[in-house]
Amino acid sequence: MEDLHPLRCLVSALDVGSLTGAAQTLGISQPALSQKIKALEALYGQKLLTRTRSGVEATLAGQVAYGFGQRIGQELDELRVELDSLQGVISGHIRITAGQSLSQTYLGEVVIALKSKYRDLEVELVVSDKLLDIEKEKIDFAIRFGSPGWGGGVARKIGDVQSVLAATPAYLNARGRPTSPDEIEQLDFIQYKDDTEKSVVGVTYRGQKLTVPVTPSLTAEDPNLIAHALEKGLGFTKAPLFFVQERIDRGLFEEVLPGCRPIPKPFFLIQREQVRNTARAKLFQKTLFETLSKAPGITILPDLLSRDQ
């Protein structure tokens, strides 16, 4: 059993609400736990706990010590994880968030690769197209397309992602294939709900940047639902190439107007300050960049592939 820091004992007692419960949680005797808390009170010359009928409560000084105890406990846990990494044991916890299309494809591969190789590493993937507050939600890494957004953390651009305008061959056979960007407006557009572009799509065509009006006939926030709507011949959509390339290769989808593609979007990795330079953070980034560099339509900045993170 590791030598328990007295502040850990205090934090556990207040979390559980009793000395007996805290002792059971920490795996020590109740007298041993009480002794550590008394030593802490003697050290600082202030009472930290008061006994009540239901257990224990913090004094004003105890509330202050509790906040410091939480932070110190986290730092001690981080120390253990980093010391273990020097011996080749990658452990600890990493929490990642990204949108549905990436999470259901290549980011899922990253998570599986990490867990397959490092069984002591706890990986949590939060799938959301919403902008989550990095600090509030204790997210270690967020991957965002278009802009880094808000919510704390350290953001950096890691590459660009290419999308395409796609539909089924049957739909285009029935409605007619556009021969120029202005004819795209005549087709039914399936809108991704959280796309920042509404009713228009910025494209490049024959070296020019154009704004193409579109007419949304269906709006959805689930990429798989949008793909299913395409398969049913309900229209065309703008989708990341990495999400639809396999269907294009199989002939299920095709590009609406070859040579006319949405303007590539930058994408960003936002990292929580507390995990910077940790072994698990470096490992995650290395695995992420190597995996995404193989994805259709994703370009990772070259320097990220040629150096340690």
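### Some words on the environment of Gly-233
And then number 1: With respect to the helices and strands, the residue Gly-233 is situated in the loop between helix H8 (223-231) and strand E12 (236-240).
And then number 2: Setting aside residues no more than four positions away along its own chain, Gly-233 makes contact with Thr-168 and Tyr-171.

### Looking at unusual backbone geometry
And then number 1: Residue Lys-138 is not a glycine yet carries a positive backbone phi of 55 degrees.
And then number 2: Relative to the assigned elements, Lys-138 resides in the loop between strand E4 (121-127) and strand E5 (141-145).
And then number 3: Of note, the phi angle at Ser-199 is positive, near 70 degrees, even though the residue is not glycine.
And then number 4: Residue placement: Ser-199 occurs in the loop between strand E8 (188-192) and strand E9 (200-205).

### Looking at a nonpolar patch on the surface
And then number 1: Residues Val-64, Phe-68, Ile-72, Leu-76, Leu-79, Leu-83 and Leu-86 make up a contiguous nonpolar surface patch of about 630 Å² in total accessible area.
And then number 2: Along the chain, Leu-79 turns up in helix H4 (residues 60-85).
And then number 3: When its relative accessible area of 45% is taken as the criterion, Leu-79 is described as partly exposed.

### Here we look at the sheet that holds strand E11 (residues 215-220)
And then number 1: The strand order across the open sheet formed by five strands is E11-E8-E12-E7-E13, and the pairing between neighbours is mixed. The sheet is open, and its two edges are formed by E11 and strand E13 (254-255), each paired on a single side.
And then number 2: Each of strand E7 (163-167), E8, E11 and E12 touches H8; the most contacted strand, E8, lies at about 170 degrees to it.
And then number 3: Helix H9 (residues 241-249) rests against E7 and E12 of the sheet, and its axis sits at about 115 degrees to E12.

### Overview of the environment of Gln-271
And then number 1: Of note, Gln-271 is situated in strand E15 (residues 265-271).
And then number 2: Look at Gln-271 and you get buried, because its relative accessible area is 9%.
And then number 3: Separated by 229 residues in the primary sequence, Gln-271 and Ala-42 have C-alpha atoms spaced 40 Å apart.

### Description of the packing of aromatic side chains
And then number 1: A complete count under the given rule lists five aromatic pairs for this structure.
And then number 2: Note on Phe-145 and Phe-242: the rings are 6.2 Å apart at their centroids and 50 degrees apart in plane angle, and the pair reads as tilted. In this pair, Phe-145 sits in strand E5 while Phe-242 sits in helix H9, placing the two residues 97 residues apart along the sequence.
And then number 3: Judged by its relative accessible area of 32%, Phe-145 is partly exposed.
And then number 4: For Phe-242, a relative accessible area of 5% corresponds to the buried category.
And then number 5: These aromatic residues form a ring-pair network of at least three members: Tyr-106, Phe-145, Phe-242 and Phe-267.
And then number 6: One residue, Arg-71, lies across the ring of Phe-68, its end atom 4.6 Å from the ring centre.

### Considering the pattern of salt bridges
And then number 1: Using the criterion set out here, one finds nine salt bridges in the structure.
And then number 2: Close ionic contact of Asp-160 with Lys-157 constitutes a salt bridge, the shortest N to O distance being 3.3 Å.
And then number 3: On the basis of relative accessible area, Asp-160 is assigned to the partly exposed category, the value being 25%.
And then number 4: Assessed through its relative accessible area of 36%, Lys-157 is described here as partly exposed.
And then number 5: Salt-bridge contacts for Glu-246 lead to Arg-250; the nearest nitrogen and oxygen are separated by 3.0 Å.
And then number 6: Here Glu-246 falls in the partly exposed class, since its relative accessible area comes to 45%.
And then number 7: Residue classification places Arg-250 among the exposed positions, given a relative accessible area of 53%.

### Observations regarding the nonpolar core
If you look at soluble globular proteins, the nonpolar side chains tend to sit buried side by side.
And then number 1: Counting residues in hydrophobic clusters, the biggest one holds 45 residues, and the most contacted among them are Leu-107, Phe-284 and Leu-288.
And then number 2: Counting residues per element, this core draws most heavily on helix H10 (residues 279-292), at seven residues.
And then number 3: Setting aside residues no more than four positions away along its own chain, Phe-284 makes contact with Ile-94, Ile-96, Leu-107, Val-110, Leu-114, Phe-141 and Leu-269.
And then number 4: Judged by nonpolar contacts, the second largest core, of 18 residues, contains Leu-19, Leu-48, Leu-49 and Val-56.

Analysis parameters
- Residues numbered from 1 in each chain as written.
- Predicted model: local features only at pLDDT ≥ 70, side-chain atom pairs only at ≥ 80, totals over all residues.
- Heavy atoms only, no water.
- Helix = DSSP H or I, 4+ residues; strand = E, 2+ residues; numbered from the N terminus.
- Contact = heavy atoms within 4.5 Å.
- Patch = residues over 30% accessible without salt bridge, like charges linked within 9 Å, V, L, I, M, F, W, Y side chains within 5 Å.
- Areas by Shrake-Rupley, 256 points an atom, 1.4 Å probe, with all protein chains shown as cover.
- Salt bridge = Lys/Arg side-chain N within 4 Å of Asp/Glu carboxyl O.
- Buried < 20%, exposed > 50% of the residue type's maximum accessible area, 1.4 Å probe, protein only.
- Pairing = 2+ DSSP bridges.
- Axes fitted to C-alpha atoms, helices over the stretch in contact; angles between N-to-C directions.
- Phe/Tyr/Trp six-rings, centres within 6.5 Å; stacked < 30°, edge-to-face > 60°.
- Lys NZ or Arg CZ within 6 Å of the ring centre and 35° of its normal.
- Core = buried A, V, L, I, M, F, W, Y, C linked by side-chain atoms within 4.5 Å.

These values are about where atoms sit, not about what they do.
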